[in-house]
Amino acid sequence: MNIELDHFFVCAAPGAPAADELVRFGLREGPPNRHPGQGTANRRFGFANAMIEFFWVCDAEEAQSEGSRQTLLWERWSGREGKASPFGICLRPAVAENSVVPFQAWEYRPAYLPDPLALHIGDASIEEPMWVYLSFMRRANREQQFVEHPIGIREITGLTLTTIAPLSSSASQRVVQSGILSTRTGPEHLLEVHFDGVQRGKTFDFRPELPIVFRL
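Procedures and definitions
- Residues numbered from 1 in each chain as written.
- Predicted model: local features only at pLDDT ≥ 70, side-chain atom pairs only at ≥ 80, totals over all residues.
- Heavy atoms only, no water.
- Helix = DSSP H or I, 4+ residues; strand = E, 2+ residues; numbered from the N terminus.
- Rg over C-alpha atoms; globule rule 2.2 N^0.38 Å.
- Buried < 20%, exposed > 50% of the residue type's maximum accessible area, 1.4 Å probe, protein only.
- Pairing = 2+ DSSP bridges.
- Right-handed = clockwise from strand over helix to strand, strands pointing away.
- 1 Å grid on protein atoms, 1.4 Å probe; cavity = no way out; pocket = protein on both sides within 12 Å on 5 of 7 lines; lining within 4 Å.
- Points joined across faces, edges and corners; volume = space filled by probe spheres on them.
- Nonpolar A, V, L, I, M, F, W, Y, C, P; charged D, E, K, R; others polar.
- Axes fitted to C-alpha atoms, helices over the stretch in contact; angles between N-to-C directions.
- Contact = heavy atoms within 4.5 Å.

Things to note about the overall build of the protein
1) Next: Secondary structure summary: the protein contains five helices and 13 strands in total.
2) Next: Since a compact globule built from 216 residues should have a radius of gyration of about 17 Å, the 16 Å found for the protein is in line with a globular shape.
3) Next: In terms of its C-alpha atoms, the protein occupies a principal-axis envelope of roughly 45 × 40 × 35 Å.
4) Next: The 216 residues of the protein split such that 48% are buried.

Thoughts on the pairing of strand 10 (residues 181–185)
1) Next: Relative to strand 10, strand 9 (residues 156–163) runs parallel, the two being bridged by five bridges. Looking across to strand 10, one finds that Leu159 is bridged to Leu181.
2) Next: Note that the unit made of strand 9, helix 5 (residues 170–178) and strand 10 has a crossover that is right-handed.

Description of the layout of surface pockets
1) Next: Here the largest pocket defines a volume of roughly 780 Å³.
2) Next: Taken together, 37 residues make up the lining of the largest pocket; nearest its centre are His7, Asn42, Arg44, Met51 and Arg142.
3) Next: Only strand 1 (3–11), strand 2 (33–35), strand 3 (40–46), strand 4 (51–57), strand 7 (119–122), strand 8 (130–133) and helix 4 (139–145) provide two or more residues apiece to the lining of the largest pocket.
4) Next: Top contributing element to the lining of the largest pocket by residue count: strand 3, with four residues.
5) Next: Classifying every residue of the lining of the largest pocket by side-chain character gives 21 nonpolar, nine polar and seven charged.
6) Next: The space that makes up the second largest pocket amounts to roughly 420 Å³.
7) Next: Lining the second largest pocket we find 19 residues, and of these Arg80, Glu81, Pro208, Glu209 and Pro211 sit closest to its centre.
8) Next: When its residues are assigned to classes, the lining of the second largest pocket shows 12 nonpolar, two polar and five charged.

A closer look at the sheet that holds strand 2
1) Next: Strand order in the open sheet formed by eight strands is 2-3-4-1-5-8-7-6, and the pairing between neighbours is mixed. Here the strands that pair on one side only, and so sit at the sheet edges, are strand 2 and strand 6 (105–108). Neighbouring strand axes in the sheet, compared pairwise and without regard to direction, differ in orientation by 30° on average.
2) Next: As paired strands, strand 1 and strand 5 (residues 87–93) are joined by seven bridges and run antiparallel to one another. Directly across from Ile3, in strand 5, lies its bridge partner Pro93.
3) Next: The sheet contacts of helix 5 involve strand 1, strand 5, strand 7 and strand 8, and relative to strand 8 the element is tilted by about 70°.

Thoughts on unusual backbone geometry
1) Next: A cis amide bond links Asp115 to the next residue, Pro116, at an omega of 5°.
2) Next: Mapped onto the elements of the fold, Pro116 is located in the loop between strand 6 and strand 7.
3) Next: The linkage connecting Arg207 with the following residue, Pro208, adopts the cis geometry, with an omega of 5°.
4) Next: Inspection of the secondary structure puts Pro208 in the loop between strand 12 (203–205) and strand 13 (212–215).

Points about the environment of Ile126
1) Next: With respect to the helices, strands and loops of the structure, Ile126 is situated in the loop between strand 7 and strand 8.
2) Next: Residues Ile126 and Glu75, spaced 51 residues apart in sequence, show a C-alpha to C-alpha distance of 7.7 Å.
3) Next: Ignoring sequence-local partners within four residues, the contact set of Ile126 consists of Leu72, Glu75, Arg76, Lys83, Ala84 and Ser85.

Such coordinate-based values are descriptive only and should not be taken to indicate function.
Here it is, written out as structure tokens:
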């Protein structure tokens, strides 16, 4: 299937103070962003092929408004320490010519995106990650923005997702079939991020501050 990872997000406390752990680890932080009309904001860490985003609700009224309600971002964010998956997996075409949405999804046109751009959000419960397809994104966008990290890692080359219940949506099955991530069930939501083919053989566990493990 001609899709690849563009970025993933992790729901975090306001201001994402836990993201400071990644700065101390040796990542260079990119510029933050706010999503007008959606009531959310983020902190970001870019790589040569993808991005990590820490995401929080900064305006509860906007996040629960008619325009944003169907995204379930409020429910996902407010339930991030419970059964809701705190993750979103955001995908893009692997080849520019591919414009077909790869899974059953609905079209979301947030106020912060210029026309005619849209996000396609997969039909899934909040116990699964949010599955998002960005037909307008390209790897070149990430490459152009990339600045080397002090720790020396460049690319996200794999993801292992742990969920508290088996994935059941058609969107999740398509993503797993594509080879973008592998999955398993466990007692807590967790995302293991592989960098540069795990050539160093090192592991860094950011729990309990973040539900993330890095493998280098």
